[in-house]
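# What the coordinates show
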Amino acid sequence: MQSAWLECTMQVSPPSAAHSSHACRCHHMQLACKPRGHPWQLEHAGRSGRRCVQAQAKKKGGGKKKQAGSLMDPPKPAAPYLQTEVIMHNLMMVESYKRKVGKPIMDDAEIHEIAKLIWEAPYGVISHDMEEDPANPKYDYANKAALDLFQATWDELIGQPSSCTTEDVNQASEFQALLMRATTHDNIADRQKLLKQTQDEGTAAVHSYWRKGLKGRSVCISNGLLWNIEAPSGVLIGQAIAIHEWEFEDGTRGGPIAEANAQDTRQTKAATEELQHAEQQVTEQADHVRHLKEADGLTKGDAVLDAAIAELLQRKEKLQHLQ
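Read on for a plain summary of the structure.

Calculation criteria
All residue numbers here refer to positions counted from 1 along the written sequence of the relevant chain. Local features are withheld for residues below a pLDDT of 70 in this predicted model, meaning they are given only at 70 or higher, and side-chain atom pairs are given and counted only at 80 or more; totals for whole chains, interfaces and linings count all residues. Excluding hydrogens and water, the side-chain figures rest on all heavy atoms present in the structure. Side-chain atoms within 4.5 Å link the members of a nonpolar core, which is a set of buried Ala, Val, Leu, Ile, Met, Phe, Trp, Tyr and Cys residues. Exposure classes here rest on a 1.4 Å probe applied to the protein chains alone. A residue is buried below 20% of its type maximum, exposed above 50%, and partly exposed in between. Here a strand is any run of E in DSSP of at least two residues, a helix any run of H or I of at least four, and the numbering for each starts at the N terminus. For this analysis, residues touch if any pair of their heavy atoms sits within 4.5 Å. Here a helix's expected span is defined as the number of its residues, less one, multiplied by 1.5 Å. Arc definition: it is the arc formed by the directions from the helix axis to the C-beta atoms. In protein, a polar contact requires one atom able to donate a hydrogen and another able to accept it; more generally it is a pair of N or O atoms within 3.5 Å, and residues adjacent in sequence count only if both atoms are side-chain atoms. Here a strand pair is declared whenever DSSP counts at least two bridges between the two strands. Aromatic pairing here means that ring centres of Phe, Tyr or Trp (its six-membered ring) are within 6.5 Å. Orientation follows from the plane angle: under 30 degrees is stacked, over 60 is edge-to-face, and everything else is tilted.

Another aspect to go through is the nonpolar core. Counting 47 residues, the largest nonpolar core has M93, I118, I126, Y141 and W227 as the members making the most contacts within it. The greatest single-element share of this core, amounting to seven residues, is contributed by strand 9 (residues 236–248). Residues contacting W227, with those up to four places away along its chain left out, are M93, S96, Y97, I105, T198, G202, T203, G238, Q239, A240, I241 and A242. Of all hydrophobic cores here, the second largest spans nine residues; its members include A278, A286, V289 and A308.

Structure (C-alpha cells):
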C-alpha cells in the first residue's frame, strides 16, 4: 500500500473565471466523504478553497489514465444549482438569512430541497462574494428569476463585478433619469450605503433602487431585503438580496408581491362586478313583481305572483350574502 496525495477542488466542473469565486466556499463547511471501496477524507487546505484528498490505493504500472465521468472528473451537472459548491453556498446563504432575519427564507423546506427551491423561486435571489475583493465584490450566485431580471445567463453574470448592474443616473435616458432622481439622489452612492449598512447591521430593506440588466434594461427594485452571508464561524463571506417586487421603466410590475397585489385587484374587481349584477337582478325582479300587482291585478295567493315573490326573496338573500 502506498499513500498518494492528490490535489483537487470541490468544483464539479473545471474552474473558470465565471466560477472561480465559488472555489473558496466549501472550506467553511466541515465535510467528510467516504465512497464505498475508496476511503478518503476531505480536508481543509487554506483560504483558496482547494482541498487535499488522501487516497489509499495500490500502484499498478503507473496507474490507469482517468476517464471522463470518473470520481475525479465527474460530468458537469445540467443546472448550476446541482453543483456541489453552489449547494454549499445556498446552505450558508439560507442559514445566514435565518440568523439575521429571524425566520427561514422558505417555510417547510427540507435541507436537501433548498438548492432547487431557491433556484426555482418566484422571486429573485442574487449574491456577491466579499472575501476575495471586498472593495469590488463579484456575483457568485443568481437564481432563475434574478438571471431573467438582469437579462443574463449564469455564465454571463457569475464572476462579474456586482457594480456592473448599478444604474448610473448620468447615463440613463432622460425619462429614466427623472424617475431615478424622484426616488434616489445618487444610485451609485446609495449602493455603497446599502452594502455598508448591511455589513454593519446584518440586513437592510431595499426600496426604489434602480438597477440595469446586462442588455441595458432598467429595473427598479421596489421591495427587497439585503443580508450578510456568514460562515459558521461568523466570518463575513458575502451578501445576498431577495427581490420580492420590481418595476420596469414601462410600468410593468413583477415578483410575488406584485402578483399578489394584482390578484387582489382582480378578485376585488370580480367581487364588485358580481355584487353589481346581484343588485341589478333584485331590481329587475322587484319591478316584475310590482308589474304583476299593479298592471295585471294579481294578488297574494295567485300562483304566478307567489312564484315571482319567491324568486325576489331568493335574489335578495343572495345579494345580502355578497354584501
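For helix 1 (residues 84–101), which comprises 18 residues, the first-to-last C-alpha distance of 26 Å matches the rise-based estimate of 26 Å (1.5 Å per residue) to within 8%. Listed in full, the buried residues belonging to helix 1 are E85, V86, M88, H89, N90, M92, M93, V94, S96 and Y97. Turning to helix 1, the residues buried within the fold contact helix 2 (114–119), strand 4 (124–129), strand 5 (138–142), helix 4 (154–157), strand 8 (218–230) and strand 9.

So, about helix 8 (residues 303–322). If you check helix 8, its first and last C-alpha atoms are 29 Å apart, about what 20 residues at 1.5 Å a residue would give, namely 28 Å. Among the residues of helix 8, L305, A308, L312, R315 and L319 are the ones counted as buried. When helix 8 is viewed along its axis, its buried side chains cluster within an angular range of 90° and face the same direction. In helix 8, those exposed residues whose orientation departs by more than 90 degrees from the buried face are A303, L313, Q314, E317, Q320 and H321. The backbone nitrogen of V304 has a side-chain oxygen 3.0 Å away, supplied by the residue at the start of helix 8, namely D302.

Take the pairing of strand 9 next. By the criterion of burial, strand 9 is predominantly enclosed, with 10 of the 13 residues buried. Taken together, the six bridges between strand 4 and strand 9 define a ladder with antiparallel strand orientation. Bridged to D129 within strand 9 is G238. Two strands pair when backbone bridges link them, and strand 8 and strand 9 are joined in this way by 11 bridges, in the antiparallel orientation. Its bridge partner being in strand 9, C220 is matched across the sheet by E247. Here strand 8 folds back onto strand 9, and the loop between the two strands holds five residues, one of which, G234, carries a positive phi near 95°. Here strand 9 pairs with strand 10 (residues 253–254) via two bridges, running antiparallel.

What follows is about unusual backbone geometry. For D108, which is not glycine, the phi dihedral falls at a positive 55°. Relative to the elements of secondary structure, D108 occurs in the loop between helix 1 and helix 2. Non-glycine residue Q151 carries a positive phi angle of around 55°. Along the chain, the position of Q151 falls in the loop between helix 3 (144–149) and helix 4.

Further remarks concern the packing of aromatic side chains. The geometry of an aromatic ring pair is captured by the separation of the ring centres together with the interplanar angle, meaning the angle of the planes. By the definition in use, this model includes four aromatic pairs. Taking 6.0 Å as the distance between ring centres and 35° as the angle between the ring planes, the aromatic pair formed by Y81 and W119 counts as tilted. Placement of Y81 in the loop between strand 3 (51–57) and helix 1 and of W119 in helix 2 is noted, with a sequence separation of 38 residues between them. For the residue pair Y81 and W119, the accessibility class agrees, reading buried in each case. Taking 6.2 Å as the distance between ring centres and 65° as the angle between the ring planes, the aromatic pair formed by W119 and W154 counts as edge-to-face. Highlighted residues: W119 in helix 2 and W154 in helix 4, separated in sequence by 35 residues.

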